[in-house]
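Chain by chain, the residues:
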Amino acid sequence: MIAANRTLDPVMIRTALPAEAAAVAQLHVRARSTYYPDGLPDDGRDWPALWAQTIERPDGHVLCAVRDGSLAGIASFRTPEGAPAKTVKLFQFHVDPDHWRTGVGTALHTACVEQWQADGRRTAVLDVHVDNHRAQAFYARQGWVPDPENPPAEDDHHLFLRFAVPGE
């Protein structure tokens, strides 16, 4: 876990608090709704409850980016079931649309990488929606590449990316 709050003027990165689950869920839904051309599908999930569980997982991390006292971005990651211990999956990474192109995403990604390094991770993986070209471009700028071990199936709605965590 990040030992101390990290501030990159004017963005502070810190661990999410259980009391923030509803705010995290709101940001998540707001960001996700931008890349569904027909609107965000109602998946019937109780996102505040799911985020509360995610925040409280002992084997995972949820980081928040805070700018000017407001939640501006979130990232959640952990080792996926069945994966090698040196692999981490970035399950969720969202920046509030009002904060796009302001450095929030880069600061949040940098904090994730620092945590992965501290945890001894060597490889990070994620999947990104095929229609989310903005996120795909962001990940490419950060060094993510298509995952050769997980090419998308013809009818799949996600692309699978891989990141080599810098370090020893």
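**Notes on unusual backbone geometry**
Then, in step 1: Residue Asp 68 is not a glycine yet carries a positive backbone phi of 50°.
Then, in step 2: Residue position: Asp 68 is located in the loop between β3 (60-67) and β4 (70-78).
Then, in step 3: Despite not being glycine, Arg 101 shows a phi value in the positive range, around 65°.
Then, in step 4: Its location among the elements puts Arg 101 in the loop between β5 (87-95) and α3 (104-118).
Then, in step 5: Among the residues examined, Arg 101 registers a relative accessible area of 72% and is labelled exposed.

**Here we look at the pairing of strand β6 (residues 123-129)**
Then, in step 1: The element β6 is extensively covered by neighbouring structure, given that six of its seven residues are classed as buried.
Then, in step 2: For β5 and β6, the ladder comprises three bridges, and the chain directions are parallel. Counted as the bridge partner of Thr 87 is Thr 123 from β6.
Then, in step 3: Handedness of the crossover joining β5 and β6 through α3: right-handed.
Then, in step 4: In this structure, β6 lies alongside strand β8 (residues 158-164), joined through seven bridges in antiparallel fashion. Each bridged residue has a counterpart across the sheet, and for Val 128 the counterpart in β8 is Leu 159.

**Section: the side chain of His 109**
Then, in step 1: Secondary-structure assignment places His 109 in helix α3.
Then, in step 2: The buried category is assigned to His 109, whose relative accessible area is 2%.
Then, in step 3: With residues near it in sequence (within four places) discarded, His 109 still touches Phe 93, Phe 138, Gln 142, Trp 144 and Phe 163.

**Here's the deal with the layout of surface pockets**
Then, in step 1: Empty space within the largest pocket amounts to approximately 1,000 Å³.
Then, in step 2: Only α1 (21-32), α2 (47-56), β3, β4, β5, α3, β6 and α4 (133-142) provide two or more residues apiece to the lining of the largest pocket.
Then, in step 3: Considering each element in turn, the lining of the largest pocket owes the most residues, seven residues, to β5.
Then, in step 4: Each residue belonging to the lining of the largest pocket can be placed in one class, and the counts come to 19 nonpolar, 15 polar and ten charged.

**Looking at the environment of Pro 10**
Then, in step 1: Considering the arrangement of structural elements, one finds Pro 10 in the loop between β1 (6-8) and β2 (11-15).
Then, in step 2: Residue classification places Pro 10 among the partly exposed positions, given a relative accessible area of 37%.

**Some points on the nonpolar core**
Across soluble globular proteins, you tend to see nonpolar side chains buried next to one another.
Then, in step 1: Counting residues in hydrophobic clusters, the biggest one holds 28 residues, and the most contacted among them are Ile 13, Leu 90, Phe 93, Cys 112, Trp 116, Tyr 139 and Trp 144.
Then, in step 2: Counting only elements with at least two residues in this core, the list comes to β2, β3, β4, β5, α3, β6, α4 and β8.
Then, in step 3: Per element, the largest residue contribution to this core is seven residues, and it comes from α3.
Then, in step 4: Ala 25, Leu 27, Trp 51 and Val 62 belong to the second-largest nonpolar core, a separate cluster that totals 13 residues.

Parameters at a glance
Here the residue numbers are simple positions, counted from 1 along each chain's written sequence. Local features in this predicted model are restricted to residues whose pLDDT is 70 or higher, and side-chain atom pairs enter the listing and the counts only when it is 80 or higher, whereas totals over whole chains, interfaces and linings include all residues. To get the side-chain values, all heavy atoms of the structure are used, and hydrogens and water are removed first. Helix numbers and strand numbers start at the N terminus; a helix is a DSSP run of H or I with at least 4 residues, a strand a run of E with at least 2. Remark: exposure states derive from per-residue accessible area (1.4 Å probe, protein chains only) relative to the maximum for the residue type, with buried under 20%, exposed over 50%, and partly exposed in between. DSSP bridges decide pairing: two strands pair if at least two such bridges lie between them. Whether a crossover is right-handed depends on one test, that the path from the first strand over the helix to the second runs clockwise when the strands point away from the viewer. Contact criterion: two residues are considered in contact whenever any of their non-hydrogen atoms come within 4.5 Å of each other. Using protein atoms alone on a 1 Å grid, points that fit a 1.4 Å probe yet trap it form a cavity, whereas open point sets bounded by protein on both sides within 12 Å along at least five of seven lines form a pocket; residues with an atom within 4 Å of a point count as lining. Grid points are joined across faces, edges and corners, and a volume is the space filled by probe spheres set on the points. Residues were grouped as follows: Ala, Val, Leu, Ile, Met, Phe, Trp, Tyr, Cys and Pro as nonpolar; Asp, Glu, Lys and Arg as charged; and all remaining residues, including Gly, as polar. For the purposes of this section, nonpolar cores are sets of buried Ala, Val, Leu, Ile, Met, Phe, Trp, Tyr and Cys residues that join through side-chain atoms within 4.5 Å.

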